[in-house]
There are 2 protein chains.
Amino acid sequence: MKVKEVADLVCISVRTLHHYDEIGLLTPDEVTEAGYRIYSEENLENLQQILFFRELGFPLKRIKEIIHDPSFNKTEALKLHKSMLMKKQEQLNQLIDTIDKTLLNMKGERQMSDKEKFAGFDFSSNPYEAEARERWGNKAVDDANTKLNEKSQKEMRQFQEAFNETFRSLAEVRHEDPTAAISQERIHEWYVLLNSFGNYSKKAFKGLGEMYIADERFTKNIDQFGEGLAVFMRDAMAVYAEGLKK
Amino acid sequence: MKVKEVADLVCISVRTLHHYDEIGLLTPDEVTEAGYRIYSEENLENLQQILFFRELGFPLKRIKEIIHDPSFNKTEALKLHKSMLMKKQEQLNQLIDTIDKTLLNMKGERQMSDKEKFAGFDFSSNPYEAEARERWGNKAVDDANTKLNEKSQKEMRQFQEAFNETFRSLAEVRHEDPTAAISQERIHEWYVLLNSFGNYSKKAFKGLGEMYIADERFTKNIDQFGEGLAVFMRDAMAVYAEGLKK
DNA sequence: TATAAGGTATCACGTAACGTGAGGGTCAAC
DNA sequence: GTTGACCCTCACGTTACGTGATACCTTATA
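Below you will find a few notes about this structure. (Residues numbered from 1 in each chain as written. Chains lettered and ligands numbered in written order. Predicted model: local features only at pLDDT ≥ 70, side-chain atom pairs only at ≥ 80, totals over all residues. Heavy atoms only, no water.)

1. Describing the pattern of salt bridges
For step 1, the next point in the chain: Following the criterion strictly, the structure yields 26 salt bridges over all chains and no others.
For step 2, the next point in the chain: Across the salt bridge formed by Glu22 of chain A and Arg15 of chain A, the nearest N and O atoms sit 3.3 Å from each other.
For step 3, the next point in the chain: Owing to a relative accessible area of 54%, Glu22 of chain A belongs among the exposed residues under this scheme.
For step 4, the next point in the chain: The salt bridge partner of Asp21 of chain A is Arg37 of chain A, with a shortest N-O separation of 2.7 Å. Here Asp21 of chain A, found in helix H2 (residues 14-22), pairs with Arg37 of chain A, found in strand S2 (residues 37-38); they are 16 residues apart in sequence, far enough to count as distant.
For step 5, the next point in the chain: With a relative accessible area of 23%, Arg37 of chain A lands in the partly exposed category.
For step 6, the next point in the chain: Through salt bridges with shared partners, one network takes in Glu41 of chain A together with Asp114 and Lys117 of chain B. (Salt bridge = Lys/Arg side-chain N within 4 Å of Asp/Glu carboxyl O. Buried < 20%, exposed > 50% of the residue type's maximum accessible area, 1.4 Å probe, protein only. Helix = DSSP H or I, 4+ residues; strand = E, 2+ residues; numbered from the N terminus.)

In structure tokens:
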């Protein structure tokens, strides 16, 4: 299949396909004597994968790393895409809900906080990086990050945002039993997030939870998201680490 | 509210807010003697609008045009955002469906065409431009388009893609009665699309439909999307123009 | 009152992901 | 042989910021 045929089939530009070839993301399996690109069925399957990652906001460099990883598995990736797309749908549902609330607010029928006005927006450059790391590892990301020992402002901000989001998520369920499924699901998200930036064993994770209580500054920072959250997290982390989920 | 407070509230960067200020998209209502930006409640409401447009892929220049248009109405915009977000939900549903079909295909339980493999992807730079034009007019877009008389390759491609998409959409319902609601909804999309690039009255629209039959090349091109589509469109366009919908 | 930490500003270069036009070659139908 | 459509590479342009440097401002603390 020639370049324009692929471009028309997929509704992307010829330039896009050239670009993907240039950066080694999608190399046509055949090139004619005149230099024309010919794409095979397998090229199209790879392109489908690439487009799923693009839809989810992954940068092309990252997509290339993931797809060229020997452990990459298309079936597994498709399942992960599906779950990420469902999360994106939840995000859009939240945006729609924000619109509904804003319309009521404008009619004077409902008050809404500043925070509520922005619920659902997520412009982080790659919101699914944490999950990608869990599946495809850290190596490429660490290599790509030229400053291994100092955290850039972006990383710190990303860190902080992801922290805050997870703290809020956990605050919502802090009155539940720490062994409950919902509590363990949420604390798992915390575990995944921490492992995006560091490398915590379950044991270390439990120890970290203890620190949230032992150090008053930690407790204070965490409890601003909801009173008693630090204690709840400590307990949920212990349950998680010991595999004692109900 | 100071710049970092807004950035944290909304989960965007301080640099983003500076950029929006620089380009005149979001100008803080107050600046202190030290030059600090202070954002008002109305600034936050405008920022919410901006973020809705961003979520839908509008370029910042276009957002600025729309928001500064005297006829701009926040309530109306919110309703339009909601409908566009629902369309995006449908697109994600289609992507999820594509994943499900691809997984079955990989198991050998189902065949799928190349076209099916790419159903749901839409990377056009601004998929909702046609609807935006319907609401907020053509002037700014025409001004921004420096080449008023010659169509760039991009515009031709955009044209062609939008054409193809609409033809497919219409082909799906070509066996329906041309006066049926679904037929008239689809042909309305065609009308809107044509008016993105030109300026057709309903009468001219009907005349165009006649041409689809009168000129054999038109018929041939259109019917490749589904046999009998050209006749169906001619009839549906006549019904539409005369307001004879069931 | 001095200090320190965090936050603010502007400036300017860099990045990613293409869009776009120029210039020239290839292919297939007429 | 001609022509229109398609193909190639090259290179500059665009958008939307990220990032680091440099310097000023604000507020809490000792």
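2. So, the interface of chain B and chain A
For step 1, the next point in the chain: Listed by partner, the interface residues are 45 residues for chain B and 45 residues for chain A.
For step 2, the next point in the chain: Together, the buried faces of chain B and chain A total about 4500 Å²; carbon and sulfur atoms form 68% of this surface.
For step 3, the next point in the chain: Its largest share of buried area at the contact with chain A, chain B owes to Ile99, Phe118 and Phe123 of chain B, together 15% of the area lost on that side.
For step 4, the next point in the chain: Run the count over chain B and chain A and you get four salt bridges.
For step 5, the next point in the chain: Taking the shortest distance from any N to any O, the salt bridge between Lys82 of chain B and Asp100 of chain A comes out at 2.8 Å.
For step 6, the next point in the chain: Put simply, chain B and chain A have 13 residue pairs in polar contact (both at pLDDT 80 or more) between them.
For step 7, the next point in the chain: Among the elements that take part in the side of chain B that touches chain A, helix H5 (residues 74-107) of chain B stands out by supplying 21 residues, more than any other. (Contact = heavy atoms within 4.5 Å. Buried area = accessible area lost by both parts, 1.4 Å probe. Polar contact = N/O pair within 3.5 Å; in protein donor to acceptor, adjacent residues only side chain to side chain.)

3. Digging into the nonpolar core
For step 1, the next point in the chain: Membership of the largest hydrophobic core comes to 71 residues, with the highest contact counts inside it found for Leu17 and Leu47 of chain A together with Leu17 and Leu47 of chain B.
For step 2, the next point in the chain: For Leu47 of chain A, the contacting residues outside a window of four places in its chain are Val6, Val10, Ile12, Leu17, Tyr20 and Leu26 of chain A together with Phe118 of chain B. (Core = buried A, V, L, I, M, F, W, Y, C linked by side-chain atoms within 4.5 Å.)

Keep in mind that these numbers describe shape and distance, not what the molecule does.
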